[in-house]
Amino acid sequence: MAAQSRSPPLLLLVSSLCLWSSVTVLGLKAANSLAESPKQPDARAVDHPENNAPVAAAAGASQPRRASGWKLAEEAACREDLTRLCPKQTWSNNLAVLECLQDRREEIELAPDCNHLLWNYKLNLTTDPKFESVATEVCRSTIAEIKECNEEERGRGYLVSCLVDHRGNISEYQCNQYITKITGIIFSDYRLICGFMDKCKEDINSLRCGSINVGQKDVHSQGEVIACLERALVRQAEQQERVHPIKEECQKAILRVAELSSDDFHLDRHLFFACRDDRERFCQNVQAGEGKVYKCLFNHKFEEAMSEKCRDALTTRQKLISQDYRVSYSLAKACKLDLRKQRCSLDSSLPRAREARLSYLLLCLEAAVHRGRPVSGECQGEMLDFRRMLMEDFSLSPEIVLHCRTEIEAQCSGLHRKGRTLHCLMRLGRGDRSSAVDGVCQSALQTLIQSADPGADYRIDRALNEACESVIQTACKHIRSGDPMILSCLMEHLYTEKMVGDCEHRLLELQYFISRDWKLDPILYRKCQGDAARLCHTLGWNETSELMPPGAVFSCLYRHAYRTEEQGRRLSRDCKVEVQRILHQRALDVKLDPELQKRCMTDLGKWCSDKTDTGQELECLQEHLEDLVSSCREVVGNLTELESEVRVHIIIA
């Protein structure tokens, strides 16, 4: 592209689409809907054989024989493959023939001469300088409606680039069909995304992702090149030492391609071929477009019948979403206005900044929800899906993969599905086994729990949900499904006859991490956020302070719980009730009281190692109060005093 004074509006793809051309698409009636339209744009200028003859000549095929327009179906190079693979009604439509041949099954080979012919045909389509003039005609009203596109300079490829970038907003039928068809051609071969080639050439070679030799033209191998780069990008985020670091501009290009293919899974060529059978099996009735097929396949990822190659391709896609939420069309669309309203994306000049990370989006919008600010139901529904996704598959968090690799390999391998690996790590973090997790792994777990926020809706934690289903149906059936009070109800029945073993374990594993950050108990946060800001000088839901870390806030709250008026500022009545609830639950298991566990670890081992029943550890510490080290004696004494005050208040009430 000529002008260097300005970068194309898209980092790759159609911004540089090398002045896409395919005026021929209209002239050859590429989109069936357009061909049937009586108001079809002027095709006389684009249906001349001289525009198309070079395609056949470059491919070494015979020259076109009809003055009315050259047809792929008439070329000897592809005749046998066409007869074998494509319905006869498609033969008169060049683009339908192209789609048929490039969407064939992976195991089906095309004749080399046919492959070569298709390549040169696509190259010709995407380099004809007349394309923009046809786009201007077909998309006239759309261009007028989309301000950014209307203001683009003509004749340099920016207009078509803009239309592709906004194709989700195109309501004009002919324009939508036209842009959609052309996008499918471009995505079939990474070399037709000419900006992509320039930005990633070195990385393709250094990572050995495939040859950039023009001789390799198979459509399947071209999809593999981008898939290889995507895998390398997610691998890079999971490694401390980067053997072959991907250049910044190539990283942006990879994510941009993933984003621009997020609405239609046909455009992710590797995933399309890897999941073709699974799509038929699980999502046959799901209409393509708006990311619906991706969502359907994500929901079935851990089904036994799902093929491994499809599961791997879906996981790579999800990992890209973790790096940039815009790789999910449905999430980006549903939350676009909410992100702006809640000021979650402040710097639009930095499209790949931290604001793009999925975890940042979730934390920012969850903070708004917890503060009672309006977030649309559609956006909250999308957030719920991705929070559940994070809890189900630990590998979607690069921090967990990077910092917990040793623990996973040593004690949690083979438990990948349905959140089992994550709960195994949580169990290790809780200290139920001899080997505790490393500090950075513990921190990564705490961060993931905050991003997923299962305390707000237990159903996000699939392992817990499945383990506790029977208990919820009997002990907590009076509470609405998904209500945060379900977890509190389960805690109240922790050591009763209604509790079952698996539920007890999963519940304590989760509560261990919730108890270390007061914000993760949504009821406590809702009732006490005002008190915490007033008395403990806390910041926002997704902000932390070194002076008052999350684990210290509850200690601050209960220090103010039973103060008299003479002693100073006290908690509000509603907050005090919640503090009492938490104290009661923490008395059931000392590991749920971070301060007690930290200060009394030595004394617990020395005096209470045989005390394992409900509340026995705390009773044991109280019995040995004079024998405890001073720091442990202080916290146990305070708890004992608070217990007494709670009993007095209950009697008075």
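Residues numbered from 1 in each chain as written. Predicted model: local features only at pLDDT ≥ 70, side-chain atom pairs only at ≥ 80, totals over all residues. Heavy atoms only, no water.

Caption draft 1: Seen up close, the overall build of the protein. In terms of helices and strands, the protein carries 35 helices and zero strands. Looking at the protein as a whole, 55% of its 653 residues qualify as buried. Intrachain contacts of the protein at a sequence separation of at least 6 include 65% that bridge at least 24 residues. Taken as a whole, the protein presents about 29,500 Å² of accessible surface, with 48% of it coming from carbon and sulfur. (Helix = DSSP H or I, 4+ residues; strand = E, 2+ residues; numbered from the N terminus. Buried < 20%, exposed > 50% of the residue type's maximum accessible area, 1.4 Å probe, protein only. Contact = heavy atoms within 4.5 Å. Areas by Shrake-Rupley, 256 points an atom, 1.4 Å probe, with all protein chains shown as cover.)

Caption draft 2: A look at the pattern of salt bridges. Tallied over the entire structure, the rule returns 31 salt bridges. The shortest N-O distance in the salt bridge between E382 and K295 comes to 2.7 Å. Here K295 lies in helix α18 (residues 292–299) and E382 lies in helix α22 (residues 377–392), a separation of 87 residues in the sequence. Owing to a relative accessible area of 8%, E382 belongs among the buried residues under this scheme. Classification of K295 by relative accessible area gives partly exposed; the value is 27%. The partner of E578 in a salt bridge is R581, with the nearest N and O atoms 2.6 Å apart. Pair noted here: E578 and R581 are both in helix α32 (residues 573–586), with a separation of three residues, about one helical turn. A network of salt bridges, in which partner residues are shared, links K295, E382, D385 and R388. (Salt bridge = Lys/Arg side-chain N within 4 Å of Asp/Glu carboxyl O.)

Caption draft 3: Structural view of the packing of helix α20 (residues 329–341) against helix α21 (residues 358–370). The N-to-C vectors of α20 and α21 enclose an angle of 45°; their axes lie 12 Å apart at closest approach. Our classification of the angle between α20 and α21 gives oblique. Relative to α21, the crossing made by α20 is left-handed. Judged by residue contacts, L331, C335, D338 and L339 of α20 engage L358, L361 and L365 from α21. The residue makeup of the contact of α20 with α21, split by class, is six nonpolar, no polar and one charged. (Axes fitted to C-alpha atoms, helices over the stretch in contact; angles between N-to-C directions. Parallel < 35°, antiparallel > 145°, perpendicular 65-115°, else oblique. Left-handed = near helix turned anticlockwise from the far one by under 90°. Nonpolar A, V, L, I, M, F, W, Y, C, P; charged D, E, K, R; others polar.)

Caption draft 4: Region of interest: the packing of aromatic side chains. By the definition in use, this model includes five aromatic pairs. Their ring planes at 25° and their centres at 6.4 Å tell us that Y294 and F298 sit as a pair that is stacked. In this pair, Y294 and F298 both sit in helix α18, four residues apart, roughly one turn of the helix. By relative accessible area, which is 10% here, F298 ends up buried. What links up through ring pairs into an aromatic cluster is the set F265, F272 and F273. Cation over ring: R516 sits above Y512, and NZ or CZ is 3.6 Å from the ring centre. (Phe/Tyr/Trp six-rings, centres within 6.5 Å; stacked < 30°, edge-to-face > 60°. Lys NZ or Arg CZ within 6 Å of the ring centre and 35° of its normal.)

Caption draft 5: A look at the packing of helix α27 (residues 462–475) against helix α28 (residues 485–492). It is the contact of α27 with α28, at a shortest axis distance of 11 Å, that shows an interaxial angle of 75°. On the basis of the axis angle, α27 is roughly perpendicular to α28. Within the contact between the two elements, α27 uses L464, C468, V471, I472 and A475 and α28 uses I486, L487, C489 and L490. Partitioning the contact of α27 with α28 into residue classes produces nine nonpolar, no polar and no charged.

Caption draft 6: Highlighting the nonpolar core. L358, I400 and L490 are the most contacted members of the largest nonpolar core, which has 104 residues in total. Residue contributions to this core reach at least three from each of two domains, namely domain 2 (220–343 + 353–381) and domain 3 (382–515). The residues touching L490, leaving out its near neighbours within four places in the chain, are C468, V471, I472, C476, M499, C503 and L507. Counting residues in hydrophobic clusters, the runner-up holds 31 residues, among them L535, C608, C620 and V635. (Core = buried A, V, L, I, M, F, W, Y, C linked by side-chain atoms within 4.5 Å. Domains from an automatic or database assignment.)

Caption draft 7: Layout of the state of the cysteines. Enumeration according to the criterion identifies 17 disulfides in this entry. Each disulfide pairs two cysteine sulfurs, and for C209 the partner residue is C228, the sulfurs being separated by 2.1 Å. Because the torsion about its S-S bond is -70°, the bridge between C209 and C228 counts as left-handed. With C209 in the loop between α13 (194–206) and α14 (219–237) and C228 in helix α14, this pair connects stretches of sequence that are 19 residues apart. Here C209 matches C228 in class, with each residue buried. The disulfide partner of C476 is C489, and the S-S distance across this bridge is 2.1 Å. (Disulfide = S-S within 2.5 Å.)

Caption draft 8: Region of interest: helix α6 (residues 94–102). For α6, the buried fraction is high: eight of the nine residues fall into the buried class. Within α6, the full set of buried residues consists of N94, L95, A96, V97, L98, C100, L101 and Q102. If you check the start of α6, you find a side-chain oxygen 3.0 Å away from the backbone N of A96, and it comes from N93. (Polar contact = N/O pair within 3.5 Å; in protein donor to acceptor, adjacent residues only side chain to side chain.)

Caption draft 9: Seen up close, the environment of D198. Among the secondary structure elements, D198 is positioned in helix α13. Sequence spacing of D198 and C250 is 52 residues, and the spatial spacing of their C-alpha atoms is 8.8 Å.

Caption draft 10: Up close: unusual backbone geometry. Phi at R208 is positive, roughly 55°, even though this residue is not glycine. Tracing the chain through its elements places R208 in the loop between α13 and α14. Looking at R208, the relative accessible area reads 77%, which means it is exposed. Not every positive phi belongs to a glycine, and D453 is a case in point at roughly 50°. Position of D453 relative to the elements: it lies in the loop between α26 (439–452) and α27. Classification of D453 by relative accessible area gives buried; the value is 1%.

Caption draft 11: A look at the environment of E466. By the secondary structure assignment, E466 is in helix α27. On the accessibility criterion, E466 (43% relative accessible area) is partly exposed.

Caption draft 12: Spatial organisation of the confidence of the model for the protein. When pLDDT is averaged along the protein, the result is 77; 75% of the residues meet or exceed 70. Note that pLDDT drops below 50 for residues 347–352; the model gives that stretch nine contacts with residues more than four away or on any other chain. (pLDDT = per-residue confidence, 0-100.)

Caption draft 13: Geometry of helix α33 (residues 594–607). Its 14 residues place the ends of α33 19 Å apart at the C-alpha level, agreeing with the 20 Å of an ideal helix rising 1.5 Å per residue. Taken as a whole, α33 carries its principal kink of about 70° at C600. Among the residues of α33, those classed as buried are P594, L596, Q597, C600, D603 and L604. (Expected span 1.5 Å × (residues − 1). Bend = angle between axes of the 7 residues up to and from the residue.)

Caption draft 14: Up close: the environment of V369. With respect to the secondary-structure elements, V369 resides in helix α21. On the basis of relative accessible area, V369 is assigned to the partly exposed category, the value being 32%. C-alpha separation for the pair V369 and Q380, spaced 11 residues apart in sequence, amounts to 8.8 Å. Apart from residues no more than four positions distant in its own chain, V369 is found in contact with V375 and Q380.

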